[in-house]
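Breakdown of the fold
Below, each chain spelled out in residue letters.
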Amino acid sequence: VITGWLMSSEGGLRWAKNIAFFLLIILISWILSNVIAKAVEKAVANIRSASALLKDFIVNISRKAIFVVGFVVALSMLEVNVGPLLAAIGAAGFIMGFALQGTLSNFAAGILILIYRPYDVGDLVEVGGMLGKVDAMTIVSTTLRKPDNQKVVIPNNMIWGDIITNITGTSKRRVDLVFGIGYSDDLAKAQKILEDILANHEAILKDPAPVVKVHELADSSVNFVVRPWVETDNYWDVYWDVTRSVKERFDAEGVSIPYPQQDVHMHQVATT
C-alpha cells in the first residue's frame, strides 16, 4: 500500500513535486530578497537627507517583505489554502496589538525617530536621562554606549516622549569656562592673559571669535567668562588645555585664583 501510494501520480509523486516547488520557491525568495535588499541599499545610499538608521530600516524591511511574500507563495505549492491562514494571522495580530500596546508605542516612536532624525549612529546624545554614544537602534529600542563603556538599552517611547539632546549633532560647539581672580588683581592683565591663551591654541576657531568678558562680582572673586568656539571633536581637549594653561599662566604672572573666604571683624568693647 505504501509503495503504491508513493508511486501514484496523486500520492507520493504529487507531494514530491509540491515539496520540490516549495523548496525551490523558498530558495528563489531568499536569493531575490538579498538581491533586492542590495539594490535598495545602493538606492538609499544616495539619499543624503536620510539617516543611517532610516536607511538600514528600509533595507531590512525590503528584505523581509520579499521573503515573507515568497514564503506565502511557497505554502500554496503545498496546497495550503492561504486565505484562511492570512485571516488567522490578521486576527492574531489584532489580539497581539492589545496585548503588546507598550511594544507598539515603542514601534511608533521608533518610526518617528527614523523619520525626523534627532540623532544618528555614532552621535553623543542625552536621552531618557542617560548620556552616551548611539551604538545601535532597532524599531523598538536604542542602544547607548556610556562614556565608561556600559551598554544601555532604552525603549524608544521613553526617548521620543522626553527631551533629546544631541551633543555632537553640529560641527561646532562653544566651550563655556569661568575663571575667577582676586579683587586686588589687575583686570586688564588677567583679560590679556586669557585672550593670549585662546589666541595661541591651534584648535580654537577664529570665527566665531572667542569671548572673554568680566561677568560677575562674586563673593570671593571677580569672574571672567571664557567662551571659545571649537570643532565638536576637539571640545574636551580644548576644555582641559585651556584650564591647565590658565592655572600655569596665572601662577607665573602673579594673578591669584581665590577660594571662598569670609572676613571676620572683631570689635573689642571696653568694660566699665
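Quick summary incoming for the structure in this document. Per chain, the residues get numbers from 1 upward, laid out in the order the sequence is written. Given that this is a predicted model, residues contribute local features only at a pLDDT of at least 70 and side-chain atom pairs are listed and counted only at 80 or more, while totals for whole chains, interfaces and linings are drawn from all residues. Excluded from the side-chain calculations are hydrogens and water; all other atoms, namely the structure's heavy atoms, are used.

**A short note on the environment of Ile115**
- Only DSSP runs of H or I reaching four residues or more are called helices, and only runs of E reaching two or more are called strands; each is numbered from the N terminus. Within the secondary structure, Ile115 sits in helix 5 (residues 101–116).
- Note: C-alpha distance between Ile115 and Leu54 (61 residues apart in sequence) is 7.0 Å.

**Remarks on the packing of aromatic side chains**
- Classification of ring pairs rests on two measures: the distance between centres of Phe, Tyr or Trp rings, Trp counted by its six-membered ring, which must be within 6.5 Å, and the angle between planes, read as stacked under 30 degrees, edge-to-face over 60 and tilted in between. Per the counting criterion, the structure on display carries six aromatic pairs.
- With a centroid separation of 5.1 Å and 85 degrees between ring planes, the pair formed by Tyr235 and Trp236 is classed as edge-to-face.
- A 1.4 Å probe rolled over the protein chains alone gives each residue an accessible area, and that area as a share of the maximum for its type sets the label: buried under 20%, exposed over 50%, partly exposed in between. Exposure remark for Tyr235: the relative accessible area of 10% places this residue in the buried category.
- Using a relative accessible area of 44% as the deciding quantity, one classes Trp236 as partly exposed.
- An aromatic cluster of at least three residues, connected via ring pairs, comprises Tyr235, Trp236, Tyr239 and Trp240.
- Whether a charge sits over a ring depends on NZ of Lys or CZ of Arg being within 6 Å of the ring centre and within 35 degrees of the ring normal. Between the NZ or CZ atom of Arg173 and the centre of the ring of Tyr235, over which it lies, the distance is 3.8 Å.

**What to know about the sheet that holds strand 4 (residues 151–155)**
- Read across the open sheet, the five strands follow the order 4-3-2-1-5; overall the sheet is antiparallel. Edge strands, defined here as strands with exactly one partner in the open sheet, are strand 4 and strand 5 (165–166).
- A pair of strands is labelled paired if DSSP reports no fewer than 2 bridges between them. Bridge count for strand 2 (residues 130–137) against strand 3 (residues 141–145) is four bridges, and the pairing is antiparallel. Within the sheet, the bridge partner assigned to Ala136 lies in strand 3 and is Thr143.

**Focus on the pairing of strand 9 (residues 222–227)**
- Burial of strand 9 is extensive: five of the six residues sit out of reach of the surface.
- One ladder, built from five bridges, connects strand 7 (residues 177–181) with strand 9; its direction is antiparallel. When the bridges of strand 9 are listed, Gly180 appears paired with Asn223.
- Connecting strand 8 (residues 211–217) to the next strand, strand 9, in antiparallel fashion are four residues.

**Topic: the sheet that holds strand 8**
- What the three strands build is an open sheet, ordered 7-9-8; its pairing is antiparallel. At either end of the open sheet lies a strand with only one pairing partner, and these are strand 7 and strand 8. Mean inter-strand twist for the sheet, computed between neighbouring axes without regard to direction, equals 30 degrees.
- Pairing of strand 8 with strand 9 involves six bridges; the strand directions are antiparallel. Paired with Val212 across the bridge in strand 9 is Val226.
- Any pair of residues with heavy atoms lying within 4.5 Å of one another is described as a contacting pair. Whenever a helix is involved, its axis is fitted only over the stretch in contact; in every case the axis is a line through C-alpha atoms, and angles between N-to-C directions fall within 0 to 180 degrees. Lying over the sheet, helix 7 (residues 187–199) contacts strand 7, strand 8 and strand 9, oriented at roughly 20 degrees with respect to strand 9.

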